[in-house]
Amino acid sequence: MNRIGSVILILVIHLARSLLLVTALVPAMVWATPNLEFSVTGLEGELQRNVLAFLGDPPQTPQERLNFMVSARERVERGLLALGYYRPDIELDVRRDEPLWQMDIHVRPGEPVRIRNISFLVLGSAAGDPEFSDILEQSGLATGQVLHHGRFEEFRNRVLSTGQQRGYFDGEVILSRVEVEADAGQADVTFRYQSGPRYRFGELRHDDTVVDEDLLVALQTYREGDYFKQSLLQSFQNQLQLTRYFSSVTLQPLVKEREAGSVPILVVLSPAPVSY
């Protein structure tokens, strides 16, 4: 076979392989549409939305459909449990009509678990900080309220973030517990936060070649020795940006270098381009 004939043969072989590859992909493309639809009845509002979120998207392959059918009841239970409904009655009705199966999920959520006792305690320097009392009042967690695990998690995260924003850099949750008596429909919530000391603003660290010390002092929204507040640091950053002297402004508390009750602040500035 001459050279041209060999090249043509190679091209034909490559083309055949490409066609085989496309053919092999066709069955996968066929399964790109759902092979089971489901509906949920008996719920409304947040309960309905949460259960649908736990159920997820309809399955698209035989294996996904099998997994969905096996796990559907548990997913519904977890979606309800997160909102305090521990004793639901769930019925699954499946019609296996090819190619699209149908699952009807009928739910009676039952009575929710309510908070019987709630114990929230702040230890350390933050014990007298009214910000933490406000967090509890706004949390939706109170005796007699439906146990909402999402709100409890939001409450926990807000305590931690507030601690960081107000200078309690050693703060940690030392106890976070929810004890549920499902049959009695009651729960006890216990939370302990150890704040440690509240740190103060320390020295200002910056590059003298980029900004004059007098300008920084004039624009500062706090003084060294004041209690740390993230909002004051943000205001200081805004003041620096408003000068238009800098193309970027970054202020960062150097938490890992905190000592003797204070935390140094790093100022990173990039000069704005000079226009002529």
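Refer to the preceding data block for the structure.
Fair warning: this is a prediction, and the values are worked out from it, not measured in the lab. (Residues numbered from 1 in each chain as written. Predicted model: local features only at pLDDT ≥ 70, side-chain atom pairs only at ≥ 80, totals over all residues. Heavy atoms only, no water.)

**Digging into a negative patch on the surface**
Piece 1. Together, Asp207, Asp208, Asp212, Glu213 and Asp214 line one region of the surface with negative charge.
Piece 2. A relative accessible area of 39% means that Glu213 is categorised as partly exposed. (Patch = residues over 30% accessible without salt bridge, like charges linked within 9 Å, V, L, I, M, F, W, Y side chains within 5 Å. Areas by Shrake-Rupley, 256 points an atom, 1.4 Å probe, with all protein chains shown as cover. Salt bridge = Lys/Arg side-chain N within 4 Å of Asp/Glu carboxyl O. Lys, Arg positive; Asp, Glu negative; His and termini not counted. Charge placed at Lys NZ, Arg CZ, Asp CG, Glu CD. Buried < 20%, exposed > 50% of the residue type's maximum accessible area, 1.4 Å probe, protein only.)

**Let's talk about helix H2 (residues 45-55)**
Piece 1. When we look at burial in H2, the residues that qualify are Leu47, Gln48, Val51 and Leu55. The arc that holds every buried residue of H2, seen down its axis, measures 95 degrees, which confines them to one face. Projecting away from the buried face of H2 at angles above 90 degrees are the exposed residues Arg49 and Ala53.
Piece 2. Gly56, located one to two residues past H2, shows a positive phi value of around 75 degrees. (Helix = DSSP H or I, 4+ residues; strand = E, 2+ residues; numbered from the N terminus. Arc of directions from axis to C-beta.)

**Focus on the side chain of Arg198**
Piece 1. Residue placement: Arg198 occurs in the loop between strand E6 (186-194) and strand E7 (200-205).
Piece 2. No salt bridge is formed by the buried Arg198; its nearest oppositely charged neighbour, Asp129, is found at 4.4 Å.
Piece 3. Among the polar contacts made by the side chain of Arg198, one reaches the main-chain carbonyl oxygen of Arg166 at a distance of 2.6 Å.
Piece 4. A polar atom in the side chain of Arg198 sits 3.2 Å from the backbone oxygen of Phe228.
Piece 5. Excluding anything up to four places from it in sequence, Arg198 contacts Ser125, Asp129, Arg166, Gly167, Tyr168, Tyr227, Phe228, Lys229 and Gly261. (Polar contact = N/O pair within 3.5 Å; in protein donor to acceptor, adjacent residues only side chain to side chain. Contact = heavy atoms within 4.5 Å.)

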